[in-house]
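Architecture and fold: a report
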Amino acid sequence: MIKKMNVNFNLVFILLLHLFVTNCNLFLSKGEKIQKAIESNDVEKVKSLITDRTLFFTKDSIVPFYLHTAVKKNNLEMEKLLVENQFPIDNQNVYGNAPILEAYRLGSKEILEYLAKKGANVHGEEGSLMMETLIKEDWKMFEYLLDNATYLKSRNKKNEVLFSVIDKGSLHAVKLFMKRGFSVNTKDEYAGSLLIKASTL
């Protein structure tokens, strides 16, 4: 009789444990539920959870990392879902990296190309994607971004990259700009020419 009671107790314990694990999402915030769904590559679950658009602008600390998580999972469909639902495309993670830079480092080419066409910032200060490709001398990607990144469609934005290239002293990168119609007389925002800038280095 005692043995039977022990067996029943163990069975009850297992059932209760299973019930707790199954319903553990009840203790998560909505933001955490979305994060879990992204980690599980559950696109349909994410779709059902992001109906409340006010969530995008809350102080939920997990929100900025949704796109990064989709990149790590190499899930293009998830990345598109998040971007199309206005999750910030340029949010940085705790290391200061935007999703497009993470995509480059992880070799997620399709996601990188998608983010580039959707206007992700590919150029800034140290740590930008353009500067990383320059430092690594990844000229194929450097040229791809130069020709296809929506962020660099304007001549002014390309000028910013060009003068950053001069600061890095990369002659090859300068030649790539020259092939695209830029000249030594190209001016920066302070009206200084490319030639003058180069002569001061």
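Structural notes, computed from the coordinates. Keep in mind that this is a model prediction, so the values were computed, not measured.

Reading the values: rules and limits
- Residues numbered from 1 in each chain as written.
- Predicted model: local features only at pLDDT ≥ 70, side-chain atom pairs only at ≥ 80, totals over all residues.
- Heavy atoms only, no water.
- Helix = DSSP H or I, 4+ residues; strand = E, 2+ residues; numbered from the N terminus.
- Buried < 20%, exposed > 50% of the residue type's maximum accessible area, 1.4 Å probe, protein only.
- Contact = heavy atoms within 4.5 Å.
- Areas by Shrake-Rupley, 256 points an atom, 1.4 Å probe, with all protein chains shown as cover.
- Phe/Tyr/Trp six-rings, centres within 6.5 Å; stacked < 30°, edge-to-face > 60°.
- Polar contact = N/O pair within 3.5 Å; in protein donor to acceptor, adjacent residues only side chain to side chain.

Considerations on the overall build of the protein
Scanning the protein from terminus to terminus reveals twelve helices and zero strands. Each helix and strand of the protein, placed in order from N terminus to C terminus, yields the pattern α-α-α-α-α-α-α-α-α-α-α-α. A burial count over the protein gives 39% of its 201 residues as buried. Partitioning the intrachain contacts of the protein with sequence separation of at least 6 by distance along the chain shows that 61% fall at a separation of at least 24. By element, 56% of the accessible surface of the protein is carried by carbon and sulfur atoms, the whole surface being about 12200 Å².

Re the packing of aromatic side chains
Inspection of every chain in the model, using the stated rule, returns four aromatic pairs. Between the aromatic rings of Tyr 66 and Phe 87, the centroid separation amounts to 5.3 Å while the plane-to-plane angle is 65 degrees, which identifies the pairing as edge-to-face. With Tyr 66 in helix H4 (residues 66-72) and Phe 87 in the loop between helix H5 (76-84) and helix H6 (99-106), this residue pair connects regions lying 21 residues apart in the sequence. The exposure classification of Tyr 66 matches that of Phe 87, with both residues buried. With 5.7 Å between their ring centres and 80 degrees between their planes, Trp 139 and Phe 142 make a pair best called edge-to-face. On the criterion of helical spacing, the pair formed by Trp 139 and Phe 142 is a turn pair, its members being three residues apart in helix H9 (residues 139-148). Here Trp 139 falls in the buried class, since its relative accessible area comes to 18%. Among the residues examined, Phe 142 registers a relative accessible area of 0% and is labelled buried. Members of the aromatic cluster, connected to one another through ring pairs, are Trp 139, Phe 142, Phe 177 and Phe 182.

Structural notes on H5
All of the buried residues along H5 are Met 78, Glu 79, Leu 81, Leu 82 and Val 83. Residues of H5 that are buried sit in contact with helix H2 (30-39), helix H3 (43-49), H4, H6 and helix H7 (109-117). The opening residue of H5, the one whose side-chain oxygen lies 3.3 Å from the backbone nitrogen of Glu 77, is Asn 75. Downstream of H5 by a residue or two, Gln 86 has a phi angle that is positive, lying close to 70 degrees.

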